[in-house]
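# Fold and geometry: a report
Listed below are the residues making up each chain.
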Amino acid sequence: MRALTAGLPEQVHSPGAFVRRRLRHKLPPQLAARRQALVECTGCGVPGLPERLPDGLCKGCQGARRRHRP
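Each helix and strand counted, the protein has three helices and two strands in total. Listed by position from the N terminus, the elements making up the protein come as α-α-β-β-α. Scaling as 2.2 N^0.38, a compact globule of 70 residues should have a C-alpha radius of gyration of about 11 Å, whereas the protein reaches 26 Å, well beyond that. In terms of principal-axis extent, the alpha carbons of the protein reach across some 80 × 20 × 10 Å. The buried share of the protein, taken over its 70 residues, is 13%.

Below, the structure written as structure tokens:
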């Protein structure tokens, strides 16, 4: 509220245009359009990207699974 109301001119001729310009110049920049979701390893709970956790397991848990298989 303060960022939008600070330094107001005495007279505003076009309120809509004035507010639109102030909003564009005072708002923080937009975040990147693409966000990557993180998932957790089903074995140990470590977070990671889905492509790094095939079958839901991190490399450490996959190695442990292979070592324990007969």
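Evaluation of the coordinates by the stated rule reveals zero disulfides. Of the cysteine sulfurs around Cys44, a residue in no disulfide, the closest is that of Cys58, at 3.7 Å. No disulfide involves Cys58; its sulfur sits 3.7 Å from the nearest other cysteine sulfur, which is in Cys61.

Mapped onto the elements, Gln62 comes out in helix H3 (residues 59–68). If near-sequence neighbours (up to four positions away) are discounted, Gln62 is found in contact with Pro54 and Leu57.

Position of Val19 among the secondary structure elements: in helix H2 (residues 15–26). Taking C-alpha positions, Val19 is 9.7 Å from Thr5, a pair spaced 14 residues apart along the chain.

What follows is about the nonpolar core. Counting five residues, the largest nonpolar core consists of Cys41, Leu53, Leu57, Cys58 and Cys61. Discounting residues that sit within four places of it in the chain, Cys58 has contacts with Cys41, Cys44, Val46 and Leu53.

Next up on the list: unusual backbone geometry. Despite not being glycine, Asp55 shows a phi value in the positive range, around 60°. Structurally, Asp55 can be placed in the loop between strand S2 (47–48) and H3. Judged by relative accessible area, Asp55 falls into the exposed class, the value being 70%.

Let us look at the confidence of the model for the protein. Averaged over all residues, the pLDDT of the protein is 83; the fraction at 70 or higher stands at 90%. Put simply, helix H1 (residues 2–5) is where the protein has its lowest mean pLDDT, 71, and strand S1 (residues 39–40) is where it has its highest, 93.

Criteria and cut-off values
- Residues numbered from 1 in each chain as written.
- Predicted model: local features only at pLDDT ≥ 70, side-chain atom pairs only at ≥ 80, totals over all residues.
- Heavy atoms only, no water.
- Helix = DSSP H or I, 4+ residues; strand = E, 2+ residues; numbered from the N terminus.
- Rg over C-alpha atoms; globule rule 2.2 N^0.38 Å.
- Buried < 20%, exposed > 50% of the residue type's maximum accessible area, 1.4 Å probe, protein only.
- Disulfide = S-S within 2.5 Å.
- Contact = heavy atoms within 4.5 Å.
- Core = buried A, V, L, I, M, F, W, Y, C linked by side-chain atoms within 4.5 Å.
- pLDDT = per-residue confidence, 0-100.

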